[in-house]
Amino acid sequence: MSSTTSAVEIAGLTKTYDDHAVVDDLTLTLPDGSLTVLVGPSGCGKSTTLRIVAGLETADGGTVSIGGRDVTAESPRTRDVAMVFQNYALYPHLSVAANIAFPLRNNGVAKDEATRRAREAADRVGITALLDRKPRQLSGGQQQRVAIARALVRTPKVFLFDEPLSNLDAKLRVELRSEIRRLQQDSGITALYVTHDQEEAMTIADQLVVLDAGTIAQVGTPEELYRRPANTFVAGFIGSPSMNLLDGTVRAGTFEGDGVRFAAPGADAAAVTLGVRPEDMLVAPAEHGNGTVEIVELLGPRYVFIVTAGAHRLTAVVEAATVAGWGRTPTPGDAVTVDVRPDRVHLFDETSGRRLA
Ligand code: ADP
Ligand code: MG
């Protein structure tokens, strides 16, 4: 939109609490106008990173620059960032209109102008009819729309979202995440979005960053991380149900470990972790199969089978149409063959967890 770029450069960021680095030498670029999602389990340092970018927290080391300007020593106010939190943080005594207009009034924008722009922002998130209400008269989803409108109203350089949908029910989360995506794209404003939900992360990210204990496990597009996870942490975190991970050896193109053998194109290795996504498992009823069904779940168009094979407990996803073709849906205790699509297996070094070429 504007000619001045608002790319964010995070370099060597470190934050320590009680001798423990919760953000550990983190370096990352948020390309201008893109939406970067920081995803990872609870406690991995997502909020801390976001709050340092916002200027709400001071780093122990490293720098943050926005649009080529080092803002490390600046206050949140002069950084020109807008934040949306999990708990909407609205002013209870102010109307929706006044809540949205608040950042403008706070920056000395005249009342008429502020009201007009608040109305525009409300319109963009579909809450024009609620402008005169107080926050307590709104549902959670409506309150979060107000919080988003309040972030939009200023046209900041950077949007920061910290688990903005976590307090909403599942259906609303799905709806609102694509709206946030659309609003961010329309505005062209660089955004950093934090969530622990890998599905949410996958669906909205231009750039996906998986964080593991304060360090970056992998950065790339959602597709890159899904197709070629760089390590077992990302392999296990991205995708649902989670990728099966089995330890063993590879000899002459065959993986062997704890009572199973699968074709695995790869160089001989003594200690590998084989990764197979549930949708890349091959399961079929067979009287003398190498596996046993433990749990069967129907997820609409797909079945999830938890099967035991050797010493492993593996998850397989099978299209409902395929199962229909079997004539009878397997039930717990039934014997099945368990195999993998050899062209879809992932191999990792068992010790380091790193992907093998
Ligand atoms: P996330 O948002 O990924 O769940 P956080 O960034 O909130 O994780 O926290 C990362 C780690 O830092 C956690 O172990 C948390 O307990 C710790 N932590 C966060 N803030 C503080 C603080 N103010 N004092 C001490 N420890 C903190
Ligand atoms: Mg957090």
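Residues numbered from 1 in each chain as written. Chains lettered and ligands numbered in written order. Predicted model: local features only at pLDDT ≥ 70, side-chain atom pairs only at ≥ 80, totals over all residues. Heavy atoms only, no water.

Asker: Can you tell me about the nonpolar core, naming the residues and giving the values?
Answerer: Val37, Ile100, Ile127, Ile148, Phe159, Leu208 and Val210 are the most contacted members of the largest nonpolar core, which has 48 residues in total. A total of six residues in this core trace back to one element, the largest contributor, which is helix 5 (residues 140–152). Those residues within four positions of leucine 208 in sequence are excluded, and the remaining contacts are Val37, Val39, Ala201, Met202, Gln218, Val219, Gly220, Pro222, Leu225 and Ile238. (Core = buried A, V, L, I, M, F, W, Y, C linked by side-chain atoms within 4.5 Å. Buried < 20%, exposed > 50% of the residue type's maximum accessible area, 1.4 Å probe, protein only. Helix = DSSP H or I, 4+ residues; strand = E, 2+ residues; numbered from the N terminus. Contact = heavy atoms within 4.5 Å.)

Asker: Pulling in residues and values, what's your account of the domain arrangement of the protein chain?
Answerer: You can read the domains of the protein chain as domain 1 (6–235) and domain 2 (241–349). Using only C-alpha atoms to locate each centre, domain 1 and domain 2 end up separated by 39 Å. Residue-level contacts link eight residues of domain 1 with seven residues of domain 2. The contact between domain 1 and domain 2 buries some 590 Å² in all, and 59% of this surface belongs to carbon and sulfur atoms. (Domains from an automatic or database assignment. Buried area = accessible area lost by both parts, 1.4 Å probe.)

Asker: Give me the lowdown on the pairing of strand 11 (residues 244–251), citing residues and values where you can.
Answerer: The pairing of strand 11 with strand 14 (residues 269–276) spans six bridges and is classified as antiparallel. Bridge pairing in strand 14 links valine 250 to alanine 269. Direction of pairing for strand 11 relative to strand 12 (residues 254–257): antiparallel, over a ladder of three bridges. Bridging from a neighbouring strand, valine 250 pairs with phenylalanine 255 of strand 12. In textbook terms, the turn of a hairpin is the stretch between consecutive antiparallel strands, and for strand 11 and strand 12 this stretch comprises two residues, one of which, alanine 252, has a positive phi near 50°. (Pairing = 2+ DSSP bridges.)

Asker: Give me the sheet that holds strand 17 (residues 302–309): which residues, what numbers.
Answerer: The strand order across the open sheet built from five strands is 15-19-16-17-18, with neighbouring strands paired in antiparallel fashion. The open sheet is flanked by strand 15 (281–285) and strand 18 (312–319), the only strands paired with a single partner. If you compare each strand with its neighbour and ignore which way they point, the axes differ by 35° on average. (Axes fitted to C-alpha atoms, helices over the stretch in contact; angles between N-to-C directions.)

Asker: Provide a residue-level description of the packing of helix 3 (residues 96–106) against helix 5, including the pertinent values.
Answerer: A pair of packed helices is characterised by two quantities: the angle between their axes and the separation of those axes. Between helix 3 and helix 5, the shortest axis-to-axis distance is 7 Å and the interhelical angle comes to 30°. Our pair here, helix 3 against helix 5, has a crossing hand that is right-handed. Residue-level contacts link Val96, Asn99, Ile100 and Pro103 of helix 3 to Val146, Ala149 and Arg150 of helix 5. In terms of residue class, the contact of helix 3 with helix 5 is built from five nonpolar, one polar and one charged. (Left-handed = near helix turned anticlockwise from the far one by under 90°. Nonpolar A, V, L, I, M, F, W, Y, C, P; charged D, E, K, R; others polar.)

Asker: Got a sec to walk through the packing of helix 3 against helix 4 (residues 111–124)? Specific residues and values, please.
Answerer: Look at helix 3 against helix 4: their axes get within 8 Å of each other, and the N-to-C directions meet at 125°. Between helix 3 and helix 4, the angle falls in the class oblique. Handedness of the helix 3/helix 4 crossing: right-handed. Between helix 3 and helix 4, the contacting residues are Ala97, Ile100, Ala101, Leu104 and Arg105 on the first element and Lys111, Ala114, Arg117, Ala118, Ala121 and Ala122 on the second. (Parallel < 35°, antiparallel > 145°, perpendicular 65-115°, else oblique.)

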